[in-house]
Amino acid sequence: IDAHSMNIQCIESFGRRQCIKVRELDVSFNELKSLACLDQLPALQVLKAHANKISDLEDYDIPKGSSLEVVFLNGNALSCVPSVLGTLRKLRELRLDSNRIAGAPAFDRLFACRRLTYLNLSRNRITSVKGLESIGTLETLILASNEIESLHAGIRRLDRLEDIDLSGNRLQSIAELYGMKKLSVLRAGGNRISSWKAVPAIATLTELHLNGNRLSSAPPEPLDFPVLDVLDIGNNRIDEFSRLTRI
């Protein structure tokens, strides 16, 4: 069902018989303040409800035993991670970016989502990442444009993480990422990193983005990233061009 951009303010019914086999619902870019009647879509796998006015999800909004695998709730007015999302045992992809989530969210609410591999929390007001380590299946984690000043040591327990975006925060160090086993892409541009000692040597990195920080020197030699293909250190305070050309 594609019902995006139709100025819908509420959902009263889908019609149980007509929609019993519906697998994807797109109600994005409407005026919805809540979700309802999803129990009438027992086969639903993809829910796109982004760009609405949803401020909360009640436990009864998403039926128990739901088959949802992909949920887009970005661009709403959520102030926390809804606990009902933790009941989605088949969830693979979750977008909560561009909401009003602030402070230290209860990430452990997603502990039971044992198939969740993609989580987007960018453009909120998050200050702490503590608890994210409880989602051990994550492969992609996007935390860009928040208010994070430091990482929690538990984040290195995300053994399957391959791509992390920490750009646009207030970080002075990302040393807590040391020891990550599969991390391939690290984006940490637009932070407050001023020393290479705050950047961990991660042997699996293929991309390292540190543009827009406060680095004043080129990376130490030898460069301790054996498989690195992309190194972005533009818009820093580095004036040792001769060293950079040797890297």
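Structure shown above.
All residue numbers here refer to positions counted from 1 along the written sequence of the relevant chain. Reporting of local features is limited, given that this is a predicted model, to residues whose pLDDT is at least 70; pairs of side-chain atoms are given and counted only at 80 or more, and all residues count toward the totals for whole chains, interfaces and linings. Side-chain measures were taken over the full set of non-hydrogen atoms in the model, leaving aside hydrogen atoms and water.

Draft legend 1. Layout of the sheet that holds strand β1 (residues 24-26). Two strands qualify as a pair provided DSSP detects at least 2 bridges between them. Think of it this way: any DSSP run of H or I at least four residues long counts as a helix, any run of E at least two long counts as a strand, and we number them from the N terminus. Judged by pairing direction, the sheet is parallel, and its ten strands sit side by side in the order β1-β2-β3-β4-β6-β8-β9-β10-β11-β12 without closing on themselves. Whereas interior strands pair on both sides, the edge strands pair on one side only; in this sheet they are β1 and β12 (230-232). On average, adjacent strands in this sheet sit at an angle of 5 degrees to one another, irrespective of strand direction. For strand β8 (residues 140-142) and strand β9 (residues 163-165), the ladder comprises three bridges, and the chain directions are parallel. Within β9, the position partnered with T140 by the bridge is D163. An axis is simply a line fitted to the C-alpha atoms; with a helix, the fit covers only the stretch in contact. Between two such axes, the angle follows the N-to-C directions and lies from 0 to 180 degrees.

Draft legend 2. Quick look at unusual backbone geometry. Unlike most non-glycine residues, S5 shows phi in positive territory, near 55 degrees. Relative to the assigned elements, S5 resides in the segment before β1.

Draft legend 3. View of the pattern of salt bridges. Here a salt bridge means any side-chain nitrogen of Lys or Arg lying within 4 Å of a carboxyl oxygen belonging to Asp or Glu. Taken as a whole, this structure holds seven salt bridges when the rule is applied. Put simply, E31 and K53 hold a salt bridge, and the shortest N to O gap is 2.7 Å. Residue E31 is found in the loop between β1 and β2 (46-48), and its partner K53 is found in the loop between β2 and β3 (70-72); the two are separated by 22 residues along the sequence. Residues E149 and R170 are paired through a salt bridge, measuring 3.9 Å at the closest nitrogen-oxygen approach. Of this pair, E149 sits in the loop between β8 and β9 while R170 is found in the loop between β9 and β10 (185-187), placing the two residues 21 residues apart along the sequence. Each residue is placed in one exposure class: buried if its accessible area under a 1.4 Å probe, protein chains only, is under 20% of its type's maximum, exposed if it is over 50%, and partly exposed if it falls in between. Overall, the relative accessible area of 31% leaves R170 in the partly exposed class.

Draft legend 4. Seen up close, the side chain of N52. Considering the arrangement of structural elements, one finds N52 in the loop between β2 and β3. Residue class for N52 comes out buried when judged on its relative accessible area of 8%. Polar contacts, as counted here, are pairs of nitrogen or oxygen atoms within 3.5 Å of one another; within protein the pair requires one atom able to donate a hydrogen and one able to accept it, and residues that are adjacent in sequence qualify only if both atoms are side-chain atoms. In terms of polar contacts, N52 uses its side chain to reach the backbone amide nitrogen of L32, at 3.1 Å. There is a polar contact of 3.2 Å between the side chain of N52 and the backbone oxygen of H50. Here a residue-residue contact requires only that any non-hydrogen atoms of the pair lie within 4.5 Å. In this structure N52 touches V27, S28, F29, N30, E31, L32, G75 and N76, once residues within four positions along its chain are discounted.

Draft legend 5. How the structure looks around the environment of H50. Along the chain, H50 falls in the loop between β2 and β3. Note on H50: relative accessible area 15%, which makes it buried. Taking the C-alpha atoms as reference points, H50 and S98, separated by 48 residues in sequence, lie 9.5 Å from one another. With near-sequence residues (within four places) excluded, H50 lies in contact with S28, F29, F72, L73, N74 and N76.

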